[in-house]
Amino acid sequence: MPRKLTPYLFVLPLMLFIAVFTYIPIVTSVDLSFRQWDFMSADKPFVGFDNYRVLFRSDAFWNSLWVTTVFAVISVPIRLGLALWFASALTRETFARRILRGALFLPSVTSTVSIAVVFSWVFATDFGMMNGLLGMVGIDKVRWMQNPDLALGVLIFINTWKQLGYDVVIYIAGLQAIPQELYDAAAVDGGKKRHVFRRVTFPLVMPTTYFLLVISVIEAFQVFTLVDVMTKGGPAGATDLLVNRLYQIGFTLFDIGQGSALAVLLFILLVGLAVFKSRVLGRRVHYEA
């Protein structure tokens, strides 16, 4: 065997794994999006763009798209803003800061189902901890998960709390990569903290911010477990995010064709957002100090 083929043999198992669990499912989903199938029938008749037409005419689809967009637009800036603030405070190496880093990072590696169950009790109307604390200061019970105006905000809070630690760790790595000489020069010039942050820290941490922005938007558009455990998309569709709508169509109504069509639309949407962010924000990212 020629030696030049040896590297390809080492990556072959990984490429097969990616093909089986990524590329083949993508192609299969695209194919099923043009067919009518209910899991039980052996026939999968070709229906063209009918599944897409049904989605575009569905109020539930547009509601899910709107709710997901609101979720992402609110949660992503809050996540990144808090993460940068915490990372700036925890960059220096001390024992106390290492403990705080661990405490912040722990939720990101905790089971989402466990977190959802715990917070379901925390925000329960009759016996939840939040209403218990409000009752101590004379505030009546709040129907957190039954109020359409509050339920999405609760999910945003929980998702931010869970993902914040990962963002903080990545930001700390980005901040520690900034040369100390730049801060020393700014101090010699008499720069104030806010000016140093705006002129030195923030521009040089833009590659990290761009990376986190991309993955956090993708994550926000794929939130499912919190919704499935805590709200099932309710009340009145207020938390019916896109992946929850996909699950309801495909695995509750068993309309695999329409569910696949929604999956394809979600894929196209995320790719489009990634390209948009690359064109708009990518040119503002500086990878060298």
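Fair warning: this is a prediction, and the values are worked out from it, not measured in the lab. (Residues numbered from 1 in each chain as written. Predicted model: local features only at pLDDT ≥ 70, side-chain atom pairs only at ≥ 80, totals over all residues. Heavy atoms only, no water.)

S.K.: Break down a nonpolar patch on the surface for me, citing the residues and quoting the values.
M.R.: Nonpolar side chains collect at one region of the surface, where Tyr23, Ile26, Val30, Phe267, Ile268, Val271 and Val275 lie side by side and expose about 610 Å² of accessible area between them. Elements represented by at least two residues in the nonpolar patch include exactly α1 (6-32) and α13 (256-280). Residue contributions to the nonpolar patch peak at four residues, all from α13. Examined against the element boundaries, phenylalanine 267 turns out to sit in helix α13. (Patch = residues over 30% accessible without salt bridge, like charges linked within 9 Å, V, L, I, M, F, W, Y side chains within 5 Å. Areas by Shrake-Rupley, 256 points an atom, 1.4 Å probe, with all protein chains shown as cover. Salt bridge = Lys/Arg side-chain N within 4 Å of Asp/Glu carboxyl O. Helix = DSSP H or I, 4+ residues; strand = E, 2+ residues; numbered from the N terminus.)

S.K.: Could you give an account of the packing of helix α12 (residues 242-252) against α13, with specific residues and numbers?
M.R.: Two elements in contact, α12 and α13, have axes separated by 7 Å at closest approach and are oriented at 160°. Classified by the angle between their axes, α12 and α13 sit roughly antiparallel to one another. Between α12 and α13 the crossing geometry is left-handed. The residues of α13 that touch α12, namely those facing Leu242, Val243, Arg245, Leu246, Ile249 and Gly250, are Ile256, Gln258, Gly259, Leu262, Ala263, Leu266 and Leu269. (Axes fitted to C-alpha atoms, helices over the stretch in contact; angles between N-to-C directions. Parallel < 35°, antiparallel > 145°, perpendicular 65-115°, else oblique. Left-handed = near helix turned anticlockwise from the far one by under 90°. Contact = heavy atoms within 4.5 Å.)

S.K.: Would you mind going over the pattern of salt bridges in detail, with residue names and values included?
M.R.: Per the counting criterion, the structure on display carries nine salt bridges. One salt bridge in this structure joins arginine 98 and glutamate 93, with 3.4 Å as the shortest N-O distance. With a relative accessible area of 45%, arginine 98 lands in the partly exposed category. Note on glutamate 93: relative accessible area 48%, which makes it partly exposed. One salt-bridge network, held together by shared partners, links Arg79, Asp167 and Glu219. (Buried < 20%, exposed > 50% of the residue type's maximum accessible area, 1.4 Å probe, protein only.)

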